[in-house]
Amino acid sequence: MTTPDPVEALRERMAAELPAGLIAHIDRVVHIAGLLARQHGADEELARFMAQAHDVARHLEPAALLQRAERLGLEIDPVDRSEPVLLHGPVGAVDLYERFGVRDERVLHAVHWHTSGHIDYGPEAWAMFIADKIDPTKVERWPALADVRDGAWLSLERAALTYLDLLLVHAVTERWQIHPASVLARNALIARLD
Ligand SMILES: [Fe+2]
Ligand SMILES: [Fe+2]
């Protein structure tokens, strides 16, 4: 008997709980993350697994996310309180550990920070991060993301910085709050890349 593909095994368990639209998004992210990892000589299977795992808690309602984060004693920023959807990364990482048996710290860290990115990300986590942002349906809704998509073949970290720049400009225009984790990730990328 062949060992089941870990990505396929996790997908099967998630498909039983998550809405079809979210599963379809995750499928696209898995595919793109694999291509980006290959392009940059990174571990394709790790990138694909991170991508499969990243939105495990994305379907939870805002109130439920906040309640779970509080119960788990997770750090909750005031921005998380006004936009609890931002907690689906941290809550998802705990879910993966507690309910899906994921023990790889690289995966748990990547999922925890996948909304903002993190300076400790390796190439596989950046491949997952970028793949999530350049899902074609997202690029269709926000065409500026095409710059992130096109840049990602040259440099994952530069593409991540492009994304965080876009987010910041958009947040200023729309008067959105900016999560401190996004600011920290952007600052660190600038310091590293410039
Ligand atoms: Fe997400
Ligand atoms: Fe996602």
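For the structure, check the block above.
Engineer: Just give me the short version of the overall build of the protein, but keep the residues and values in it.
Structural biologist: When helices and strands are tallied, the protein shows 12 helices and 0 strands. Along the protein, from the amino end to the carboxyl end, the secondary structure elements read α-α-α-α-α-α-α-α-α-α-α-α. The globule rule puts the C-alpha radius of gyration for 194 residues at 16 Å, and the 16 Å found for the protein is close to it. When its C-alpha atoms are laid out on the principal axes, the protein stretches across 50 × 40 × 30 Å.

Engineer: Can you lay out unusual backbone geometry for me, pointing to particular residues and giving the numbers?
Structural biologist: You will see that Arg-175, though not glycine, has its phi angle at about 60 degrees, which is positive. Mapped onto the elements, Arg-175 comes out in the loop between α11 (156-174) and α12 (180-193).

Engineer: Now, about the environment of Ala-185: what can you tell me, with residues and values included?
Structural biologist: With respect to the helices and strands, the residue Ala-185 is situated in helix α12. Exposure remark for Ala-185: the 24 C-beta atoms within 10 Å place this residue in the buried category. Residues Ala-185 and Ser-155, 30 residues apart in the sequence, show an inter-C-alpha distance of 16 Å. Discounting chain neighbours no more than four positions away, the residues touching Ala-185 are Ser-116, Gly-117, His-118, Ile-119 and Leu-164.

Engineer: Outline helix α2 (residues 20-39), supporting the account with residue identities and numerical values.
Structural biologist: Taking 1.5 Å of rise per residue, the 20 residues of α2 would be expected to cover 28 Å, and the 29 Å separating its terminal C-alpha atoms lies within 8% of that figure. Looking at the packing, one finds that the buried side of α2 touches α1 (6-15), α3 (44-53), α8 (123-133) and α11. Positive phi appears at Gly-41, one or two residues downstream of α2, with a value of about 65 degrees.

Reading the values: rules and limits
- Residues numbered from 1 in each chain as written.
- Chains lettered and ligands numbered in written order.
- Predicted model: local features only at pLDDT ≥ 70, side-chain atom pairs only at ≥ 80, totals over all residues.
- Helix = DSSP H or I, 4+ residues; strand = E, 2+ residues; numbered from the N terminus.
- Rg over C-alpha atoms; globule rule 2.2 N^0.38 Å.
- Buried ≥ 20, exposed ≤ 12 C-beta atoms within 10 Å, placed from the backbone.
- Contact = placed C-beta atoms within 7 Å.
- Expected span 1.5 Å × (residues − 1).

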